[in-house]
Amino acid sequence: MDEDSRILDLIRKGDEKALVLLYDSNRKMISTFIARNNGTHDDYEDMLQEALVILWERVRAGKFEYSSKLSTFLFGIVKNIWLRRLAKAKREIPTDLQSDDHPDSADSALDILISIRQKCARED
């Protein structure tokens, strides 16, 4: 029995040891991806944990179709969630950009928006 089959069998039995095995074997790949995409240590832990929960629930519900390695499946989940989170963050305008509330501010809201936009453009 290969490692993925063994892990899937553990999940089906409700053995949480499977989560530890998956976490340990995917931690580096996920942390590298999140770090390269402006994430933090906490972000990668959140993303990996969320992906593990999704996998656990699908397998336990009988809705998981094993068609690729578990690491590929987890990476795909993390990538999709993280990219959606980044896109949402780009659409949101920080509430502290209202210069009318801070008349002594050196930068106007427009100046701050321009600098944020330039920073985002450099990162892409």
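Everything below is about the structure printed above this text.
Residues numbered from 1 in each chain as written. Predicted model: local features only at pLDDT ≥ 70, side-chain atom pairs only at ≥ 80, totals over all residues. Heavy atoms only, no water.

What is the right way to read the overall build of the protein chain from this model?
A tally of regular secondary structure across the protein chain gives five helices and zero strands. Expressed as a percentage of the 124 residues in the protein chain, the buried residues total 25%. Across the protein chain, contacts joining residues at least 24 apart in sequence account for 59% of those joining residues at least 6 apart. Accessible surface, the protein chain: about 8800 Å² in total, of which carbon and sulfur atoms supply 49%. (Helix = DSSP H or I, 4+ residues; strand = E, 2+ residues; numbered from the N terminus. Buried < 20%, exposed > 50% of the residue type's maximum accessible area, 1.4 Å probe, protein only. Contact = heavy atoms within 4.5 Å. Areas by Shrake-Rupley, 256 points an atom, 1.4 Å probe, with all protein chains shown as cover.)

Would you explain helix α4 (residues 70–91) in this entry?
Residue pairs three or four apart in sequence face the same way in an α-helix, which turns once every 3.6 residues. Over its 22 residues, α4 extends 32 Å from the first C-alpha to the last, a length consistent with the 32 Å expected when each residue adds 1.5 Å. For α4, the complete set of buried residues consists of Leu70, Phe73, Leu74, Ile77, Val78, Ile81 and Trp82. Seen from one end, α4 has its buried residues packed into an arc of 155 degrees, which puts them on one side. In this structure, the buried side of α4 is in contact with α1 (3–12), α2 (17–36) and α3 (41–61). (Expected span 1.5 Å × (residues − 1). Arc of directions from axis to C-beta.)

I keep staring at the packing of aromatic side chains and nothing clicks. Help me out?
Describing an aromatic ring pair means giving the distance of the ring centres and the angle of the ring planes. For the coordinates displayed, the defined rule picks out three aromatic pairs. Ring centres of Phe64 and Tyr66 lie 6.5 Å apart, and the angle between their planes is 45 degrees; on these two criteria the pair is classed as tilted. A ring pair is formed by Phe64 and Phe73, whose centres lie 5.0 Å apart and whose planes are at 85 degrees; its orientation type is edge-to-face. Across this residue pair, the class does not change: Phe64 and Phe73 are buried. Aromatic ring contacts, followed pair by pair, group Phe64, Tyr66 and Phe73 into a single cluster. (Phe/Tyr/Trp six-rings, centres within 6.5 Å; stacked < 30°, edge-to-face > 60°.)

Just to check I follow, could you spell out the nonpolar core for this structure?
Soluble globular proteins tend to pack their nonpolar side chains together in the buried interior. Among the nonpolar cores identified, the biggest contains 25 residues, and Ile11, Leu22, Ile34, Leu55, Phe64, Leu70 and Val78 are the most heavily contacted of them. Listing elements by their share of this core, those giving two or more residues are α1, α2, α3 and α4. For Leu70, the contacting residues outside a window of four places in its chain are Asp4, Ile7, Leu8, Leu22, Leu55 and Phe64. (Core = buried A, V, L, I, M, F, W, Y, C linked by side-chain atoms within 4.5 Å.)

Looking at this structure, I do not really get unusual backbone geometry. What am I missing?
Phi angles above zero are rare outside glycine, and Asn38 is one such case at about 65 degrees. Mapping Asn38 onto the fold places it in the loop between α2 and α3. The exposure class of Asn38 is exposed, given its relative accessible area of 53%.

Any chance you could explain the pattern of salt bridges here in plain terms?
Side-chain pairs of opposite charge can arise where the charged atoms are in close proximity. According to the stated counting rule, one finds three salt bridges in the structure shown. Arg6 is paired through a salt bridge with Glu3; the nearest N and O atoms lie 3.0 Å apart. Of this pair, Arg6 and Glu3 both sit in helix α1, three residues apart, which is roughly one turn of that helix. On the basis of relative accessible area, Arg6 is assigned to the partly exposed category, the value being 30%. Look at Glu3 and you get partly exposed, because its relative accessible area is 40%. The partner of Asp43 in a salt bridge is Arg85, and the shortest N-O contact between them spans 3.8 Å. Here Asp43, found in helix α3, pairs with Arg85, found in helix α4; they are 42 residues apart in sequence, far enough to count as distant. (Salt bridge = Lys/Arg side-chain N within 4 Å of Asp/Glu carboxyl O.)

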